[in-house]
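Examining the three-dimensional arrangement
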Amino acid sequence: MSTAVVYVTKHGTTAKIADLIAQALGTATLIDLGDDPGSDLSRFDRIVLGGPVYAGQPLKRLKAFEAAHAAELLSKPLALFTCGMETDLSQREAEIAAMFSEPLRSHAVGAWFMGGEFQFQELGFFEKAVVRRIVHVTESVTAIDQVAVTALAQALKTAR
Ligand SMILES: Cc1cc2nc3c(=O)[nH]c(=O)nc-3n(C[C@H](O)[C@H](O)[C@H](O)COP(=O)(O)O)c2cc1C
């Protein structure tokens with residue numbers, strides 16, 4: 001079974017999570033939509049798709065990819081993931097709903113919230129100000145949920 005882990009990232013944390021998912025699956029091809037926006041998925045049997053949340057919303061590149069590849073994503077075993085620092089469970093659900101269309105969520109083996117990071121050295125001036133003022137975080141934090149990574153990989157491995 002060949003698996004593609006397709007993702008978007010702004011500051012690199014989703015790439016780290018995609019790599020952890022690939023390791024948990026055993027083998028997978030990582031596809032960063034920033035490098036390869038028109039990526040061809042036809043040679044893959046299973047797809048993992050994910051990206052980060054900023055101000056409650058996904059990056060536009062992820063939505064564009066979903067729209068362009070909807071039929072293919074709906075025709076194969078699919079697992080979805082969201083990278084973000086929200087801690088409230090209902091807000092996390094809302095962020096997952098904003099990230100992926102209802103048909104994709106219904107078709108997928110699941111949609112996991114993976115946590116994320118605030119990497120102050122990577123953030124621009126405006127982003128740092130937002131994080132300080134709104135989240136009251138003033139230094140780098142890592143909160144990637146390895147349990148969710150393992151759960152996604154297990155669910156996809158047993159999907160038909
Ligand atoms: C300006 C800013 C806004 C953010 N807004 C949200 C948000 O609304 N919800 C959330 O869960 N995480 C939010 N985050 C956290 C990011 O999703 C987190 O830093 C993530 O790890 C970024 O992933 P990336 O490095 O792959 O882009 C925000 C981060 C920044 C810097």
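For the structure, check the block above.
The sections below set out a description of the structure shown in this document.

Quick notes on the rules
- Residue positions within a chain follow its written sequence, with the count starting from 1.
- Where totals are concerned, whole chains, interfaces and linings use all residues; where local detail is concerned, this predicted model gives features only for residues with pLDDT of at least 70, and gives and counts side-chain atom pairs only at 80 or more.
- To qualify as a helix, a DSSP run of H or I must reach at least 4 residues; to qualify as a strand, a run of E must reach at least 2; elements of each kind are numbered from the N terminus.
- It is over C-alpha atoms that the radius of gyration is taken, and the globule rule equals 2.2 Å times the number of residues to the power 0.38.
- Here the contact rule is simple: place C-beta atoms from the backbone, and any two residues whose C-beta atoms are within 7 Å are in contact.
- Here is the check we use: build the C-beta atom from the backbone, and if it is within 6 Å of the molecule or strand, call the residue near.
- Gly is put with the polar residues, along with every residue not named as nonpolar or charged; the nonpolar set is Ala, Val, Leu, Ile, Met, Phe, Trp, Tyr, Cys and Pro, and the charged set is Asp, Glu, Lys and Arg.
- One fewer than the residue count of a helix, multiplied by 1.5 Å, yields its expected span.
- Each residue is classified by how many other C-beta atoms fall within 10 Å of its C-beta atom, where C-beta atoms are placed from the backbone; a count of 20 or more means buried, 12 or fewer means exposed, and values in between mean partly exposed.
- Directions are taken from the helix axis to each C-beta atom, and the arc is the one they span.
- Only buried residues count toward a nonpolar core: Ala, Val, Leu, Ile, Met, Phe, Trp, Tyr and Cys, linked into one set through C-beta atoms within 7 Å.

Side note on the overall build of the protein chain
On a plain count of helices and strands, the protein chain comes out with seven helices and eight strands. Radius of gyration (C-alpha) of the protein chain: 15 Å, near the 15 Å computed for a compact globule of 160 residues. Dimensions of the protein chain, computed from C-alpha atoms along their principal axes, come out at roughly 45 × 30 × 30 Å. Taking the contacts inside the protein chain whose residues are at least 6 apart along the sequence as the reference set, 78% of them involve residues at least 24 apart.

A few points about the environment of Arg-43
Structurally, Arg-43 can be placed in the loop between strand E2 (29-32) and strand E3 (46-54). Sequence separation of Arg-43 and Phe-125 is 82 residues, and the distance between their C-alpha atoms is 41 Å.

Re the site of the ligand
Around the ligand, the structure places 23 residues, and the nearest of them are Thr-14, Pro-52, Gly-84, Glu-86 and Gly-116. Of all elements in the fold, only helix H1 (13-25), E3, strand E7 (115-118) and helix H6 (125-135) reach the threshold of two or more residues within the shell around the ligand. Across the shell around the ligand, the residue classes break down as 10 nonpolar, eight polar and five charged.

Quick word on H1
The end-to-end C-alpha distance of H1, which contains 13 residues, comes to 19 Å, matching closely the 18 Å that a straight helix rising 1.5 Å per residue would cover. Buried within H1 are the following residues: Thr-13, Thr-14, Ile-17, Ala-18, Leu-20, Ile-21 and Leu-25. Buried residues along H1 cover an arc of 160° about the axis, so they all sit on one side. The positive-phi residue at the C-terminal boundary of H1 is Gly-26, with phi of around 105°.

Some thoughts on the nonpolar core
Counting residues in hydrophobic clusters, the biggest one holds 37 residues, and the most contacted among them are Val-5, Ile-21, Val-48 and Phe-81. Looking at this core, the elements with two or more residues in it are strand E1 (3-7), H1, E3, helix H2 (60-68), strand E5 (78-83), strand E6 (111-113) and helix H7 (146-157).

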